[in-house]
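What the coordinates show
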Amino acid sequence: DGDYLWGRGAADMKTVVASDVVWMRRRLAAGPPYPPVNLLLVGNEENGEGEAHGTPHVLRELARENRWRPELMVLGERTGERGDELLGEVCVANRGVVRLRLVARGERAHTGMGGDAQDLVGRLIEARRALRELLPRHLTLVADGPWKSTATFPFLNVGESGVYNVSAPEGALGLEIRPVPEDDLVALLAAVEQVCQDCELELVREVVEGGVVCPADNPHLARGRELMTQGLDLLR
């Protein structure tokens, strides 16, 4: 609509997609020689996704079928946080993602029959307490500025709400970690596994991907920074 793009995601990705498509159309119309650039659009861009339409899957298939291995990927996101920047910050590192599910198992039984009921809730809460103590020893949870790891427990599921006379056969505690590249995931996962053993829980690793960083000596990155500086000077 004139100079405005309206729609869900307009401030995040649609503007970037539009800019890329317009640039490629103009570059194609200008004729050869064409720059060795490809545009990859995927329907799922979350870290760790394994769907056939996700970025990791597409890159593996392109490398296998076409020997296409990009030396630098420019991931377009929103330009800046304030909304008035001509150009946003160039980010060369990204957090990874670790999604773990701690599972407690017992036997479904009538609570009025007596006996020692297995306290799945207690085991999961004890595991959460132990994890809260060990996570700061393996993650960069405290740092000057926003560049740090995060760790959250997004769910705790045991039993059925309103059902009091039946013990739950299974419960689960979720743990999601967004590690920075400097974090040691091998040591972290070993420590989490030990907590699970102590609390008699099963550890299910849904996604385990460390943070990524572009090497500072990448020549394409250096050239990109130079061109951005030139473009910013022209805009000013």
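Residues numbered from 1 in each chain as written. Predicted model: local features only at pLDDT ≥ 70, side-chain atom pairs only at ≥ 80, totals over all residues. Heavy atoms only, no water.

We now examine the nonpolar core. Leu-100, Leu-102, Leu-131, Leu-135, Leu-188 and Leu-201 are the most contacted members of the largest nonpolar core, which has 27 residues in total. Broken down by secondary-structure element, the contributors of at least two residues to this core are strand S2 (97-105), helix H3 (120-138), strand S7 (170-178) and helix H4 (185-198). Beyond its immediate chain neighbours, meaning those up to four positions away, Leu-131 contacts Leu-102, Phe-153, Leu-175, Val-192 and Val-195. (Core = buried A, V, L, I, M, F, W, Y, C linked by side-chain atoms within 4.5 Å. Buried < 20%, exposed > 50% of the residue type's maximum accessible area, 1.4 Å probe, protein only. Helix = DSSP H or I, 4+ residues; strand = E, 2+ residues; numbered from the N terminus. Contact = heavy atoms within 4.5 Å.)

This part is about helix H1 (residues 10-29). If you check H1, its first and last C-alpha atoms are 26 Å apart, about what 20 residues at 1.5 Å a residue would give, namely 28 Å. Residue Gly-31 follows H1 closely and has a positive phi angle near 90°. (Expected span 1.5 Å × (residues − 1).)

Once that is clear, we can look at the pattern of salt bridges. Tallied over the full model, the rule gives 11 salt bridges. For Glu-65, the salt bridge identified is with Arg-64, shortest N-O distance 3.2 Å. Arg-64 matches Glu-65 in its accessibility class, with the two residues each being exposed. In this structure, the salt-bridge partner of Glu-202 is Arg-105, at a minimum N-O distance of 2.6 Å. One end of the pair, Glu-202, is in strand S8 (residues 202-209); the other, Arg-105, is in strand S2, and 97 residues separate them in sequence. (Salt bridge = Lys/Arg side-chain N within 4 Å of Asp/Glu carboxyl O.)

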